[in-house]
Amino acid sequence: MPETRSNPSHPIIGVGAVVFKANKILLIQRSKEPKKGEWSLPGGAQELGETVEAAVLREVEEETGLKIKITAFIDAIDFIEWNETKTTPVFHYTLLDYSAEFISGSLTPSSDAADARFFSIDEALALPLWDETKRVIKLAASQKKLM
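My aim in this report is to walk through the structure given alongside it, one point at a time. (Residues numbered from 1 in each chain as written. Predicted model: local features only at pLDDT ≥ 70, side-chain atom pairs only at ≥ 80, totals over all residues. Heavy atoms only, no water.)

### Focus on helix H3 (residues 131-143)
As a reminder of what qualifies: Every helix listed is a DSSP run of H or I at least four residues long, and every strand listed is a run of E at least two residues long, numbered separately from the N terminus. A helix's residues, less one, multiplied by 1.5 Å, set its expected span. Any residue under 20% of the maximum accessible area for its type is buried, any over 50% is exposed, and the rest in between are partly exposed; the area is computed with a 1.4 Å probe on protein chains only. Note that the arc is computed from the directions linking the helix axis to the C-beta atoms. The criterion used for residue contact is that any of the two residues' heavy atoms lie within 4.5 Å.
Look at H3: 19 Å from first C-alpha to last across 13 residues, which is about the 18 Å you get at 1.5 Å a residue. Taken as a whole, H3 has its buried residues at Thr133, Val136, Ile137, Ala140 and Ala141. All buried residues of H3 fall inside an arc of 135° around its axis, so they share one side. Its buried side turned inward, H3 meets strand E1 (12-21), strand E2 (24-30), strand E5 (66-82), strand E6 (89-105) and helix H2 (121-126). Where H3 terminates, the next one or two residues include Lys145, which has phi positive at roughly 65°.

Right, dumping it as C-alpha cells:
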C-alpha cells in the first residue's frame, strides 16, 4: 500500500516535465492537493523500481495521454508545505524537472488533471504559477533558445 502523500515520514520523489510542442508548453490544472486547482507542469511521484526518466514518461502520459521524448534535465527543487504552526511538513517533495518534446497522442486530461493545455511561454508565465514553476519554464525555454 503506498504511503500517504500528506504528512509523510520522508520526502517523496516527484518528477515533472516542461513539454514543448513547437513553441508552446504543456500545463495541467491540478485536480488534487497540493496546489489543487492551480496550473502546473505535468508530473507526479516516482514509483518503487522505476527510473526517474521512466517516471517522467509514465506520469506525462497518464495525466495527458501524450507520449514525449525527454531532452534535458533542468533542475531539482524542494517543495515543502508546512502546517499552520510551521512545525510539521504537510507535504514534502523533492522534484526533478526535465524538458521534453511532444511526440504523439491526443491531449486528454486524466483524473489527476482537471484540464490540460498548450500555452505560449508568455501566456504560461502570465498565469498565477508557483515561482519555482515559472523559473523552471524560463530555464527550459532558455535551453531551447526561446528566451
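### So, the nonpolar core
Put simply, the rule is: Side-chain atoms within 4.5 Å link the members of a nonpolar core, which is a set of buried Ala, Val, Leu, Ile, Met, Phe, Trp, Tyr and Cys residues.
Core analysis: the largest hydrophobic core is formed by 24 residues, its most contacted members being Val18, Ile25, Leu27, Ile121 and Ile137. At the level of secondary structure, the elements contributing two or more residues to this core comprise E1, E2, E5, E6, H2 and H3. Apart from residues lying up to four places away in sequence, Val18 is in contact with Ile25, Leu41, Ile74, Tyr98, Ser99, Ala100, Val136, Ile137 and Ala140. Core analysis: the next-biggest nonpolar cluster, separate from the first, contains 17 residues, Ile70, Leu96, Tyr98 and Phe118 among them.

### Here's the deal with the side chain of Thr64
Summarising the element assignment, Thr64 is placed in helix H1 (residues 52-64). Residue classification places Thr64 among the buried residues on the basis of a relative accessible area of 0%. Sequence-distant contacts of Thr64, that is, excluding residues within four places in its chain, are made with Leu26, Ile28, Pro42, Ser106, Leu107, Thr108 and Ala116.

### Re the pattern of salt bridges
For the record, the criterion: When a carboxyl oxygen of Asp or Glu is within 4 Å of a side-chain nitrogen of Lys or Arg, the pair counts as a salt bridge.
Under the definition given, this model contains 10 salt bridges. Across the salt bridge formed by Arg58 and Glu59, the nearest N and O atoms sit 3.0 Å from each other. The two residues Arg58 and Glu59 agree in class, both being buried. As a salt-bridge pair, Lys144 and Glu101 come within 2.6 Å of each other at their nearest N and O atoms. Residue Lys144 is located in the segment after H3, and its partner Glu101 is located in strand E6; the two are separated by 43 residues in the primary sequence. A relative accessible area of 24% places Glu101 in the partly exposed class. Ionic contacts of the salt-bridge type, sharing partners, join the residues Glu47, Glu50, Arg58, Glu59 and Glu62 into one network.

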